Amino acid sequence: MKYVHILVPVDGSDISLAALKQAASIAKAFNSKITAISLLAVDPFSGVDFYYVSPVMKDYFVEAHAQAEETLAKAETIGTELGIEIETQIIKGEVSSEGILQAAEDLKVDLIVMGSHGRKGFQKFFLGSFAQDVLGNTELPVLIVKK
């Protein structure tokens, strides 16, 4: 199977950047396109002039957007270092497996490569697992990078 377009969700963690490096290796082998995404939660009070009501929340959203841009800049740098172009997008919406899967559908990817923090036991129960949720809710191939 040849992979044409690879999606890599990144959050700035070491494991998500390791997944990006793995995706770059695959992309080089198959001459594939990579899109790295950063999920950004939208305003929970849509339709309300929320930013003027709460300056603290405005600062939070501005900072979250800046962090997403910084993470995607790191992704582009990694691509340059590895000799491959990486497109980047901030995806506004739900920070969840559904957000990743919607991006995969919208971008028409044929492989998702993502990191997993490898939580077990109570941590996994309480925090969930994006990787497990993505894997269980798509028919696309998913490569999980653990380190």
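Above: the structure in question.
Described below are features of the structure shown in this document. Everything numeric in this text was worked out from a predicted model, so none of it was measured. (Residues numbered from 1 in each chain as written. Predicted model: local features only at pLDDT ≥ 70, side-chain atom pairs only at ≥ 80, totals over all residues. Heavy atoms only, no water.)

Attention shifts here to the pairing of strand β4 (residues 111-115). Most of β4 sits out of view: five of its five residues are buried. Every second residue of β4 is oriented toward a common face, with L111, V113 and G115 on one face and I112 and M114 on the other, all of them buried. In terms of strand pairing, β4 meets strand β5 (residues 142-145) through four bridges, oriented parallel. Residue V113 lies in a different strand from β5, and its bridge partner there is L143. (Buried < 20%, exposed > 50% of the residue type's maximum accessible area, 1.4 Å probe, protein only. Helix = DSSP H or I, 4+ residues; strand = E, 2+ residues; numbered from the N terminus. Pairing = 2+ DSSP bridges.)

You can see E94 is positioned in the loop between β3 (86-93) and α4 (97-107). Sequence spacing of E94 and A41 is 53 residues, and the spatial spacing of their C-alpha atoms is 5.4 Å. The residues touching E94, leaving out its near neighbours within four places in the chain, are L39 and G99. (Contact = heavy atoms within 4.5 Å.)

A few words now on the packing of aromatic side chains. The tally for this structure, following the rule as stated, stands at one aromatic pair. Centre to centre, the rings of Y3 and F30 are 5.5 Å apart; their planes meet at 80°, and the pair counts as edge-to-face. Note that Y3 is positioned in the segment before β1 (5-9) and F30 in helix α1 (residues 14-30), a separation of 27 residues in sequence. Under the relative-accessibility criterion, F30 is labelled partly exposed at 29%. (Phe/Tyr/Trp six-rings, centres within 6.5 Å; stacked < 30°, edge-to-face > 60°.)

The next point concerns unusual backbone geometry. A positive phi angle, close to 55°, is found at N31, a residue other than glycine. Topologically, N31 is positioned in the loop between α1 and β2 (33-41). One non-glycine residue, K108, lies in the positive phi region at around 55°. Along the chain, K108 turns up in the loop between α4 and β4. Relative accessible area serves as the criterion here: at 67%, K108 is assigned to the exposed category.

Interpretation note: all reported values are geometric properties and have no functional meaning in isolation.
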